[in-house]
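Listed below are the residues making up each chain.
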Amino acid sequence: MRPNSSRGLVFNLLLTALAPAIWGSTYIVATELLPAGRPITAAVIRCLPAGILLALACRHLPPRRLWPRLLILSFLNIGAFQALLFVAAYRLPGGLAAVLGAGQPLMVLALAWGVDGRRPGLLTAAGAALGVAGMAGLFLSPGVSGDAIGIAAALTGAASMAAGTYLTRRWRPEMPVLALTGAQLLLGGLMLLPLAWALEERLPALEPLQWTGYAYLSLVGALVAYALWFRGVQRLPPVASTSLGLLSPVTAVVLGWLLLDQRLTGLALLGLAVVLLSILVVQWQSASVVAAAPLR
């Protein structure tokens, strides 16, 4: 199956979509299973063990010329993003932290336009903007509030991940997907380790559910999800892969509804439908571009 065929594109889209869907569960796991008040520690435990496992399994040492770019990608995709994600998850209610990350598609569009001069198509830009509007509708309901630090962390984390996704696609590091994933998780976790040690209290004795929460975040939420994500980033158009990130807040909303009885209002249900429509619009446009491109 050729990655640039229509069938290959659909397969890559579906596989890559699993990553943000998994990430959408981060918020409910963090608030319901993990010890409170330790966001950076949670980020370290999520990334570092998974990075060590992948690095040992792959045994692939990056060439010296790739190290500067690898460090930048590790900081953007893992270090900064994960720390900010958990700060937002601990400080904001429900899936609001995930909603604020829905601006990633527009950020990637802006980078591609401003840096590469690639002006987005009208339909693609409209689809991305529609997704952001839909996410706003999900939480423009009475009683939703959040503090300034949490909101700033969510927005900055979204910008970090958008930049990392854009640069990963632009630079295309010459490494196997699993080796690239492991290197970034390992380096990003190491970047956060001294911060967790200096700024946060040591973990108390963990209960079985807390161990389960950390294990899920590391093995499924980091190792599996990031492997799928970086695989997709290397194969999909930048906006197509980033627009799939909208599935993360959708998953967070649905899980809150099913498990925490966080009922959706009429406006929230409309927003959820608009988000799904946005994803379909951007992916359909990406598939059309691929289908129209000449074979090489």
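To start, this report covers the structure provided alongside it.

Here we take up the overall build of the protein. Across its full length, the protein holds 13 helices and 0 strands. N-terminal to C-terminal, the α/β element order of the protein is α-α-α-α-α-α-α-α-α-α-α-α-α. When burial is assessed residue by residue, the protein has 52% of its 296 residues classed as buried. Residue pairs at least 24 apart in sequence account for 89% of intrachain contacts in the protein once pairs closer than 6 positions are excluded. Here the protein displays about 13,800 Å² of accessible surface, and carbon together with sulfur accounts for 70% of that area.

A few words now on the packing of helix α8 (residues 148-171) against helix α10 (residues 208-235). One can describe the packing of α8 onto α10 by two numbers: an axis separation of 8 Å at closest approach and a directional angle of 55 degrees. When the axis of α8 is compared with that of α10, the two are oblique. Crossing angle aside, the handedness with which α8 passes α10 is right-handed. For the pair formed by α8 and α10, the contact residues are Met161, Thr165, Thr168 and Arg169 on the first element and Tyr226, Trp229, Phe230, Val233, Gln234 and Arg235 on the second. Taken together, the residues of the contact of α8 with α10 break down into 5 nonpolar, 3 polar and 2 charged.

Taken as a whole and assessed by the stated rule, the structure comprises 2 cavities of 30 Å³ or more. Taken as a whole, the largest cavity spans an internal volume of roughly 250 Å³. Taken together, 22 residues form the lining of the largest cavity, with Tyr27, Phe81, Leu85, Gly101 and Gln104 sitting closest to its centre. In terms of residue class, the lining of the largest cavity is made up of 17 nonpolar, 5 polar and no charged. Size it by volume and the second largest cavity reaches roughly 50 Å³. Lining the second largest cavity, in full, are Leu66, Arg69, Leu70, Leu73, Trp171, Pro173, Met175 and Leu180. If one sorts the elements of the lining of the second largest cavity by residue count, helix α4 (residues 67-91) sits on top with 3 residues.

Here leucine 187 shows up in helix α9 (residues 177-199). Taking the relative accessible area as the measure of exposure, leucine 187 reaches 14% and is therefore buried. As a C-alpha pair, leucine 187 and glycine 51 span 136 residues in sequence and 7.8 Å in three-dimensional space. With sequence-adjacent residues up to four places away left out, leucine 187 is seen in contact with Trp67, Leu70, Leu71 and Ser74.

The next subject is the packing of helix α3 (residues 39-58) against α9. At their nearest, the axes of α3 and α9 sit 7 Å apart, and the two run at 145 degrees to each other. For the element pair α3 and α9, the recorded crossing hand is left-handed. Split by residue class, the contact of α3 with α9 holds 20 nonpolar, 5 polar and no charged.

Calculation rules
Residues numbered from 1 in each chain as written. Predicted model: local features only at pLDDT ≥ 70, side-chain atom pairs only at ≥ 80, totals over all residues. Heavy atoms only, no water. Helix = DSSP H or I, 4+ residues; strand = E, 2+ residues; numbered from the N terminus. Buried < 20%, exposed > 50% of the residue type's maximum accessible area, 1.4 Å probe, protein only. Contact = heavy atoms within 4.5 Å. Areas by Shrake-Rupley, 256 points an atom, 1.4 Å probe, with all protein chains shown as cover. Axes fitted to C-alpha atoms, helices over the stretch in contact; angles between N-to-C directions. Parallel < 35°, antiparallel > 145°, perpendicular 65-115°, else oblique. Left-handed = near helix turned anticlockwise from the far one by under 90°. Nonpolar A, V, L, I, M, F, W, Y, C, P; charged D, E, K, R; others polar. 1 Å grid on protein atoms, 1.4 Å probe; cavity = no way out; pocket = protein on both sides within 12 Å on 5 of 7 lines; lining within 4 Å. Points joined across faces, edges and corners; volume = space filled by probe spheres on them.

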